[in-house]
Amino acid sequence: MPDCIFCRIAAKEVPSSLVYEDDAMVAFNDLNPTAPLHVLVVPRRHVARLADLEDEALAGRITLAAAKVARAQGHADAFRVVVNNGAGAGQSVFHLHFHVLGGRPFTWPPG
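Residues numbered from 1 in each chain as written. Predicted model: local features only at pLDDT ≥ 70, side-chain atom pairs only at ≥ 80, totals over all residues. Heavy atoms only, no water.

Q: I'm lost on the overall build of the protein chain in this one. Help?
A: Along its length, the protein chain carries two helices and five strands. Taken from N to C terminus, the helices and strands of the protein chain fall in the order α-β-β-β-α-β-β. Taken over C-alpha atoms, the radius of gyration comes to 13 Å for the protein chain, in line with the 13 Å a tight globule of 111 residues would show. By sequence separation, contacts in the protein chain at least 24 residues apart represent 54% of the contacts at least 6 residues apart. Accessible surface, the protein chain as shown: approximately 6,400 Å² in total, 55% of it carbon and sulfur. (Helix = DSSP H or I, 4+ residues; strand = E, 2+ residues; numbered from the N terminus. Rg over C-alpha atoms; globule rule 2.2 N^0.38 Å. Contact = heavy atoms within 4.5 Å. Areas by Shrake-Rupley, 256 points an atom, 1.4 Å probe, with all protein chains shown as cover.)

Q: Could you clarify how one ought to interpret the side chain of Q91 in this entry?
A: Checked against the element boundaries, Q91 lands in the loop between β4 (79-82) and β5 (98-102). Within the structure, Q91 has its side chain in polar contact with the backbone oxygen of A48 (distance 2.9 Å). Only 3.0 Å separates the side chain of Q91 from the backbone oxygen of V93, close enough to count as a polar contact. Each residue touching Q91, except ones within four places of it in the same chain, is listed here: A48, R49, N84, N85, G86 and H97. (Polar contact = N/O pair within 3.5 Å; in protein donor to acceptor, adjacent residues only side chain to side chain.)

Q: What should I look at first to understand the state of the cysteines in this one?
A: For the structure shown, the criterion picks out zero disulfides. A disulfide-free cysteine, C4 has its sulfur positioned 3.7 Å from the sulfur of C7, the nearest such atom. With relative accessibility at 9%, the residue C4 sits in the buried group. The exposure class of C7 is buried, given its relative accessible area of 15%. (Disulfide = S-S within 2.5 Å. Buried < 20%, exposed > 50% of the residue type's maximum accessible area, 1.4 Å probe, protein only.)

Q: In this structure, what is going on with the pattern of salt bridges? I would like to understand it.
A: One side chain can pair with another of opposite charge once the charged atoms of both are near each other. A full pass over the atoms with the stated rule returns seven salt bridges. Its salt-bridge partner being R61, residue D22 comes within 3.6 Å of it at the nearest N-O pair. Taken together, the residues span a long stretch of sequence, with D22 in the loop between β1 (18-21) and β2 (25-29) and R61 in helix α2 (residues 56-72) at a distance of 39 residues. Between D52 and R49 there is a salt bridge; the shortest N-O distance is 3.1 Å. When its relative accessible area of 28% is taken as the criterion, R49 is described as partly exposed. (Salt bridge = Lys/Arg side-chain N within 4 Å of Asp/Glu carboxyl O.)

Q: I would appreciate a short explanation of α2 in the present structure.
A: An α-helical segment advances 3.6 residues per turn. Residues three or four places apart therefore align on the same side. Relative to the 24 Å expected for 17 residues at 1.5 Å per residue, α2 spans 24 Å between its end C-alpha atoms, a close match to the ideal helical length. Regarding α2, its N-cap is D55, as a side-chain oxygen of that residue lies 3.0 Å from the backbone nitrogen of A57 further along. G74 sits one or two residues past α2 and shows a positive phi near 85°. (Expected span 1.5 Å × (residues − 1).)

Spelled out as structure tokens, the structure:
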């Protein structure tokens, strides 16, 4: 998906503030943060939505990467992971990404 901004960030064609990367993932600060910690964890391989993800290994790796980011940023004891699936759920970039949020109190239910 050459027009996908997250594909271009993962390929380092577009600058971002990377906080984590490995061979399968990149993680960078959200441009419009809603919490003191607001990082997006993005697989390098394009998957449009969580509902389209069938690779169990990738599912595990993105989840572990989200936890690594929270730990590395000092929020291991209190963080939230959010995945929006589809426009009706608030997904605005159609490349799977996990929002890792921390540094402020969260309520339930969200939104």
